[in-house]
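One letter stands for each residue in the lines below.
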There are 2 protein chains.
Amino acid sequence: MHTTKATAFAPATIANVAVGFDILGFPVEGVGDTVSVERLDPSPGEPPRVLIESIDGCAAGCVGLPLDAGSNTAGIALLRLLRDEALSWGFRLRIRKGIPLSSGMGGSAASSVAALVAANALLPRPLPPERLLAYALLGEELASGSAHGDNAAPCIYGGLTLLRSVDPVELVRVPLPAGLAVALAHPHMELDTRTSRAALPSELPLKDYVAQSANLASFIASCYTADLDLMGRCLSDVLVEPRRAKLIPAFGTVKRAALKAGALGCSISGSGPSLFALCRSLEDARRAGAAMAAAWEAAGIELDLWASIVATKGARLVPEGLEAGL
Amino acid sequence: MHTTKATAFAPATIANVAVGFDILGFPVEGVGDTVSVERLDPSPGEPPRVLIESIDGCAAGCVGLPLDAGSNTAGIALLRLLRDEALSWGFRLRIRKGIPLSSGMGGSAASSVAALVAANALLPRPLPPERLLAYALLGEELASGSAHGDNAAPCIYGGLTLLRSVDPVELVRVPLPAGLAVALAHPHMELDTRTSRAALPSELPLKDYVAQSANLASFIASCYTADLDLMGRCLSDVLVEPRRAKLIPAFGTVKRAALKAGALGCSISGSGPSLFALCRSLEDARRAGAAMAAAWEAAGIELDLWASIVATKGARLVPEGLEAGL
């Protein structure tokens, strides 16, 4: 008898990374979504289905997250998996959100990836990660109106991922200098991905592209050469950040605080409102995080804060017995 | 007594490299400009000056290249050098163009760089390359209406250069896989840099930029990992090439011929009309070059063709006695 139940954890991810809009991302340790998936045999004469039994863990209640599988990012991914792999049975899901909603921390990708990794463990022949990524992108498409993969890819693979192509899926795993750490600060407000996307016009000046692409290319070079001084100079988003910063209260103050505290760079995590600060060490990340928190608190804004070594680990199965919270 | 005469050779350069518009470039062996510079003591009571004695070497006569130092890219660079370094004497120049005019092969940068490298040998304290680059950019600004440096930087430094910033000048030298070779084909027509720039609107779609930046970032990764298959997939310009291709007769036919002959990628050299094909080996580059030539000749267009290992050498002094041709 094959396993009929599995649980997986998928980390929060920081997409864009200042210079890689829609293509770069990496995971953060210590915060993520956990999904438990159980084999669901259909009633006689019924087709196999995906049932979302519960969604919990949200600080203010998981309002707005649909239990209907066809409207939920994790549900859609499993429905497609079920159909395309021609399974004779379905899935029952319990989703525990550790990632705040609409925070720019890759929450919808994480739920989808955790569901896929858990479901994959139930398959007679588990799928390779690139297939899981393709299914996760279908979930993402629902969440943001289009599939980008800059959250789903690092969430599955871990480390810094560069998505060269979405269709077909092709990614490059870029090495990150050892010891690199990140502070991630989430102000208590929601910013819908669609609103954040709407702040970007469909056309942008060529001169901004040139400046941004010079920083992107040099950032990639700095990853391979572990040149942190260069990395710091490159972490400057002239394309997207200036157009989205106004959606985030006290953005400039918080960013300046992080840089003054020694961060290599500070920018918007994904579509915001969370901000991240990339730092030379965990100690630096804690200092930058504290400075960011102080700046937001001075502006009357509450927040959550994480500091971690830049995670090399992506989503993984949670051993039996450790998922008691679900 | 210090040297009073020097001659330098500066190679042709391929700028943009399909995915690095205005930021990437590398030199080509076997074609370039040669400039001889002689110390010119001023007449009593006169300020030091820059005198361009001759410009020759152009296939169809060097029509349109100004002998007036203040209007010539090499002249302007030396005038600024003379002024900013507070020299008490000037320069007499003889320029031999090996690079066809308005060919997209970095001819104005090469003249300027060769003049600077030769003049630098006459200075009591020669300047470092980054200062020469800054002076070369002043010449380039005149030629194209703005300073890009994607020709001047590789022309001075050799190898693949990535210009992270023009002001202040900062570049990253990106390693290229050993053995990489290039075919460079120049159809017998001129394409003014300004005309080529005018084919680009000042604003471009964000989605094109995202696709281009994914290829650019992955191209840089492929240089560090020497992954030629990845490099080949990355050498696809969706941003600039489609908007400029119409300025180059038989563009599609010639490009397809290069790819069919085994080139990793084929695109416009600088602002065109020359095309380059990046290849795994010199043998491949010769084959791709022959295919490009056949395609253009079939369309009734004459051309020049070069094939070389991707040059790691930039501009250099020519030893006494070897510059007899000038």
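Residues numbered from 1 in each chain as written. Chains lettered and ligands numbered in written order. Predicted model: local features only at pLDDT ≥ 70, side-chain atom pairs only at ≥ 80, totals over all residues.

1. With respect to the overall build of chain A
The condition that has to hold: Numbered from the N terminus, helices here are DSSP runs of H or I no shorter than four residues, and strands are runs of E no shorter than two. Each radius of gyration is computed over the set of C-alpha atoms, and the globule rule expresses the reference value as 2.2 Å times the number of residues to the power 0.38. To assign burial, the other C-beta atoms lying within 10 Å of each residue's own C-beta are counted, with C-beta atoms placed from the backbone; 20 or more indicates buried, 12 or fewer indicates exposed, and intermediate counts indicate partly exposed. Working definition of a contact: two residues with C-beta atoms, positioned from the backbone, lying within 7 Å.
A count of helical and extended segments in chain A gives ten helices and twelve strands. For chain A, whose C-alpha radius of gyration is 19 Å, the value lies close to the compact-globule estimate of 20 Å for 326 residues. Principal-axis analysis of the C-alpha atoms places the extent of chain A at approximately 65 × 40 × 35 Å. Scored against the burial criterion, the 326 residues of chain A give a buried share of 55%. Residue pairs in contact within chain A that sit at least 24 positions apart in sequence constitute 74% of those at least 6 positions apart.

2. What to know about helix α9 (residues 251–260) of chain B
All names here are of chain B. Quick note on the threshold: Summarising the geometry, the arc corresponds to the directions from the helix axis toward the C-beta atoms.
Within α9, the full set of buried residues consists of Phe251, Val254, Lys255, Ala257 and Ala258. Projection of α9 onto a plane perpendicular to its axis shows the buried side chains occupying an angular sector of 160°, all on one side. With respect to the buried face of α9, the exposed residues turned more than 90 degrees away are Gly252 and Lys260. Looking at the buried side of α9, the elements it contacts are β9 (265–268), β10 (275–279) and α10 (282–298). Just past α9, the residue Gly262 takes up positive phi, approximately 105°.

3. Considering the interface of chain A and chain B
Filter applied, for reference: A pair of strands is treated as paired once DSSP finds two or more bridges between them.
Contacts between the two partners involve 27 residues from chain A and, on the opposite side, 28 residues from chain B. Counting residues per element, the ones that place at least two in the side of chain A that touches chain B are β5 (160–166), β6 (169–174), β8 (203–205) and α6 (206–225) of chain A. With twelve residues, the single largest contributor to the side of chain A that touches chain B is α6(A). Relative to strand β8 (residues 203–205) of chain B, β8(A) runs antiparallel, the two sharing three bridges.

4. Observations regarding the sheet that holds strand β11 (residues 303–309) of chain B
Residues and elements named next belong to chain B. Our working rule: Orientation is described by lines fitted to C-alpha atoms, with helices fitted over the stretch in contact, and by angles between N-to-C directions that extend from 0 to 180 degrees.
With antiparallel pairing, four strands are arranged side by side in an open sheet as β9-β10-β7-β11. Only two strands of the sheet have a single neighbouring strand rather than two, namely β9 and β11. Going across the sheet, the axis of each strand differs from the next one's by a mean of 15°, ignoring polarity. With seven bridges connecting them, strand β7 (residues 181–187) and β11 associate as antiparallel partners. Bridging from a neighbouring strand, Ala183 pairs with Ala307 of β11. Along the sheet, α10 contacts β7, β10 and β11; its crossing angle with β7, the most-contacted strand, is approximately 20°.

5. Here's the deal with the domain arrangement of chain A
How big an interface is tends to be expressed through the accessible area that disappears when the partners come together. Residue and element names in this part refer to chain A. The criterion, for reference: The domain limits used here are those given by an automatic or database domain assignment. Under the scheme applied here, ten amino acids are nonpolar (Ala, Val, Leu, Ile, Met, Phe, Trp, Tyr, Cys and Pro), four are charged (Asp, Glu, Lys and Arg), and all others, including Gly, are polar.
In terms of domain boundaries, chain A breaks down into domain 1 (5–174 + 312–318) and domain 2 (181–309). Facing the 24 residues of domain 1 at the interface are 34 residues of domain 2. By residue number, the principal contributor to the side of domain 1 that touches domain 2 is strand β2 (residues 24–40), which donates four residues. Tallied by class, residues from the side of domain 1 that touches domain 2 come to 13 nonpolar, ten polar and one charged.

6. Observations concerning the packing of α6(A) against helix α6 (residues 206–225) of chain B
Any two packed helices are characterised by the angle at which their axes cross and by the distance between the axes. Selection criterion: Relative orientations are named as follows: roughly parallel for angles under 35 degrees, roughly antiparallel for angles over 145 degrees, roughly perpendicular for angles from 65 to 115 degrees, and oblique for any other angle. The hand of a helix crossing depends on one turn: near helix anticlockwise from the far one by less than a right angle means left-handed, and clockwise means right-handed.
It is at 9 Å that the axes of α6(A) and α6(B) come closest, and there the two elements cross at 30°. With respect to their mutual orientation, α6(A) and α6(B) come out roughly parallel. The interaxial crossing formed by α6(A) with α6(B) has right-handed handedness. Each of A:Tyr209, A:Ser213, A:Leu216, A:Ala217, A:Ile220, A:Ala221 and A:Tyr224 in α6(A) lies in contact with α6(B), whose residues at this interface are B:Tyr209, B:Ser213, B:Leu216, B:Ala217, B:Ile220, B:Ala221 and B:Tyr224. Here the contact of α6(A) with α6(B) is composed, by residue class, of twelve nonpolar, two polar and no charged.

7. Some remarks on the relation of the copies chain A and chain B
Keep this limit in mind: C-alpha atoms of residues with pLDDT of at least 70 in both copies form the basis for the least-squares superposition of the copies.
Each copy superposes on the other: chain A lies on chain B with an RMSD of 0.0 Å after a rotation of 180° and an axial shift of 0.0 Å. The operation mapping one copy onto its partner corresponds to a two-fold rotation axis.

8. Section: helix α2 (residues 107–120) of chain B
Here is the rule: A helix's residues, less one, multiplied by 1.5 Å, set its expected span.
Taking 1.5 Å per residue as the helical rise, α2(B) with its 14 residues ought to reach 20 Å, and the 20 Å between its terminal C-alpha atoms agrees with that figure. Counting buried residues in α2(B) gives 14 out of 14 residues, a clear majority hidden from the surface.

9. Considerations on the environment of B:Asp33
Residues and elements named next belong to chain B. Relative to the elements of secondary structure, Asp33 occurs in strand β2 (residues 24–40). Taking the C-alpha atoms as reference points, Asp33 and Ala261, 228 residues apart in sequence, are found 30 Å from one another. Apart from residues lying up to four places away in sequence, Asp33 is in contact with Ala10, Ile95, Arg96, Lys97, Gly98, Ile99, Gly107, Ala110, Ser111 and Ala114.

10. Considerations on the sheet that holds strand β9 (residues 265–268) of chain A
Residues and elements named next belong to chain A. An order of β9-β10-β7-β11 is seen for the four strands of this open sheet, with the pairing classed as antiparallel. Bordering the open sheet on either side are β9 and β11 (303–309), each of which pairs with just one other strand. With strand direction ignored, the average angle separating the axes of adjacent strands in the sheet is 15°.

11. A look at the nonpolar core
Definition in use: In these notes, a nonpolar core means any group of buried Ala, Val, Leu, Ile, Met, Phe, Trp, Tyr and Cys residues linked to one another through C-beta atoms within 7 Å.
Core analysis: the largest hydrophobic core is formed by 220 residues, its most contacted members being A:Met292 and B:Met292. Discounting chain neighbours no more than four positions away, the residues touching B:Met292 are B:Ala183, B:Ala185, B:Val254, B:Ala257, B:Ala258, B:Leu275 and B:Ala277.

12. Quick word on unusual backbone geometry
Going from B:Asp167 to B:Pro168, the amide bond is cis rather than trans, its omega being 0°. Mapped onto the fold, B:Pro168 is located in the loop between β5 (160–165) and β6 (170–174). The linkage connecting B:Gly272 with the following residue, B:Pro273, adopts the cis geometry, with an omega of 10°. Positive phi outside glycine occurs at A:Ala226, with the angle close to 55°. Turning to its location among the elements, A:Ala226 is positioned in the loop between α6 and α7 (228–234). By C-beta crowding, A:Ala226 is classed as partly exposed, having 14 other C-beta atoms within 10 Å. Backbone geometry at B:Ala86 places phi at a positive 50°, although glycine is not the residue there.

13. Section: the packing of helix α9 (residues 251–260) of chain A against helix α10 (residues 282–298) of chain A
Residues and elements named next belong to chain A. It is the contact of α9 with α10, at a shortest axis distance of 8 Å, that shows an interaxial angle of 150°. The angle between α9 and α10 falls in the class roughly antiparallel. The hand of the α9/α10 crossing is right-handed. Across the interface between the two elements, Thr253, Val254, Ala257, Ala258 and Lys260 of α9 pack against Ala288, Ala291, Met292, Ala294, Ala295 and Trp296 of α10. In terms of residue class, the contact of α9 with α10 is built from nine nonpolar, one polar and one charged.

14. Some thoughts on the pairing of β6(B)
Residues and elements named next belong to chain B. Judged from the five bridges that link them, β5 and β6 form a sheet pairing that is antiparallel. Following the sheet pairing, Leu160 is matched in β6 by Val174. Between β5 and β6, which follow one another and run antiparallel, lie four residues.

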